[in-house]
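One-letter residues, chain by chain:
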Amino acid sequence: MTCLLPALSGANTIYGAGMLELGMTFSMEQLVIDNDIVRMVKKAMQGVPVTTETLAVDSIQKVGIGNNFLALKQTRMLVNYPSDPMIIDRKMFGDWAAAGSKDLAAVANEKVMDVLKNHVVPPIDADILKDMKAVVDRADRAFREG
């Protein structure tokens, strides 16, 4: 992952989000998955603050170097910190199975259905709409006049 970050540094658009088959097919579910990946990369590019909590100093002292930190509450609380996924599930297998064993495509489909059902597009501000109409009107006039 670290080798990708310098290549993506400063990028604000990644071509191909939601595309399958070299862009021949578009999938809303793939777009949701790609959005999660891009969001995680952007979060990782922000870096991780170095604090007593993020360094887990108390945990290291409690568990000891070379021992298992995965069972600690602090580790579970911080595992998503560097990337903060929305739909990618990092539960342990048993917890994932107990929660219904939904694969990533099923979770992405649920998100797509939720967005299609519940998302409300905010109206465009009247001043902006007026300016947009003026641009279109100028272009129409220029086209008609040749």
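Scroll up a little and you will see the structure.
The present account deals with the structure reproduced in this document. (Residues numbered from 1 in each chain as written. Predicted model: local features only at pLDDT ≥ 70, side-chain atom pairs only at ≥ 80, totals over all residues. Heavy atoms only, no water.)

1. Describing the packing of aromatic side chains
Counted under the stated rule, the structure contains one aromatic pair. For the ring pair Phe93 and Trp96, a centre distance of 5.5 Å and an interplane angle of 45° mean the geometry is tilted. Highlighted residues: Phe93 and Trp96, both in helix H6 (residues 93-98), separated by three residues, approximately one helical turn. On the accessibility criterion, Phe93 (62% relative accessible area) is exposed. (Phe/Tyr/Trp six-rings, centres within 6.5 Å; stacked < 30°, edge-to-face > 60°. Helix = DSSP H or I, 4+ residues; strand = E, 2+ residues; numbered from the N terminus. Buried < 20%, exposed > 50% of the residue type's maximum accessible area, 1.4 Å probe, protein only.)

2. With respect to unusual backbone geometry
Phi at Ala56 is positive, roughly 60°, even though this residue is not glycine. The exposure class assigned to Ala56 is buried, which follows from its relative accessible area of 16%. One non-glycine residue, Ser101, adopts positive backbone phi at about 55°. Summarising the element assignment, Ser101 is placed in the loop between H6 and helix H7 (104-118).

3. A closer look at the environment of Met77
For Met77, the location among the structural elements is in helix H5 (residues 73-78). Separated by 63 residues in sequence, Met77 and Asp140 have C-alpha atoms that sit 56 Å apart.

4. As for the layout of surface pockets
Rolling a probe over the atoms, with the probe sized like a water molecule, indicates the empty space that remains. Counted as a void, the largest pocket has a volume near 290 Å³. What lines the largest pocket is Leu70, Thr75, Arg76, Val79, Asn80, Asp89, Arg90, Lys91, Met92 and Asp95. A class-by-class count of the residues in the lining of the largest pocket yields three nonpolar, two polar and five charged. (1 Å grid on protein atoms, 1.4 Å probe; cavity = no way out; pocket = protein on both sides within 12 Å on 5 of 7 lines; lining within 4 Å. Points joined across faces, edges and corners; volume = space filled by probe spheres on them. Nonpolar A, V, L, I, M, F, W, Y, C, P; charged D, E, K, R; others polar.)

5. Points about a nonpolar patch on the surface
A contiguous nonpolar surface patch, about 740 Å² in accessible area, is contributed by Tyr15, Met19, Phe26, Met28, Leu31, Met113 and Leu116. Looking at the nonpolar patch, the elements that each hand over two or more residues are helix H2 (28-45) and H7. Its place among the elements puts Met28 in helix H2. (Patch = residues over 30% accessible without salt bridge, like charges linked within 9 Å, V, L, I, M, F, W, Y side chains within 5 Å. Areas by Shrake-Rupley, 256 points an atom, 1.4 Å probe, with all protein chains shown as cover. Salt bridge = Lys/Arg side-chain N within 4 Å of Asp/Glu carboxyl O.)

6. Observations regarding the nonpolar core
One finds Val32, Ile33, Ile87, Ala108 and Val112 forming the largest nonpolar core, which totals five residues. Of all the secondary structure elements, the ones that give two or more residues to this core are H2 and H7. The residues touching Ile87, leaving out its near neighbours within four places in the chain, are Val32, Ile33, Asp36, Leu104, Val107 and Ala108. (Core = buried A, V, L, I, M, F, W, Y, C linked by side-chain atoms within 4.5 Å. Contact = heavy atoms within 4.5 Å.)

7. Observations regarding the side chain of Gln74
Position of Gln74 among the secondary structure elements: in helix H5. Polar side-chain contacts of Gln74 include one of 2.8 Å to the backbone oxygen of Glu53. Excluding residues that lie within four positions of it along the chain, Gln74 makes contacts with Glu53, Ala56 and Ser59. (Polar contact = N/O pair within 3.5 Å; in protein donor to acceptor, adjacent residues only side chain to side chain.)

8. Description of the side chain of Ser59
Tracing the sequence through the fold places Ser59 in helix H4 (residues 57-63). Setting aside residues up to four positions removed in sequence, Ser59 forms contacts with Gly64, Phe69, Leu72 and Gln74.

Functional significance is not addressed by these values, which are geometric in nature.
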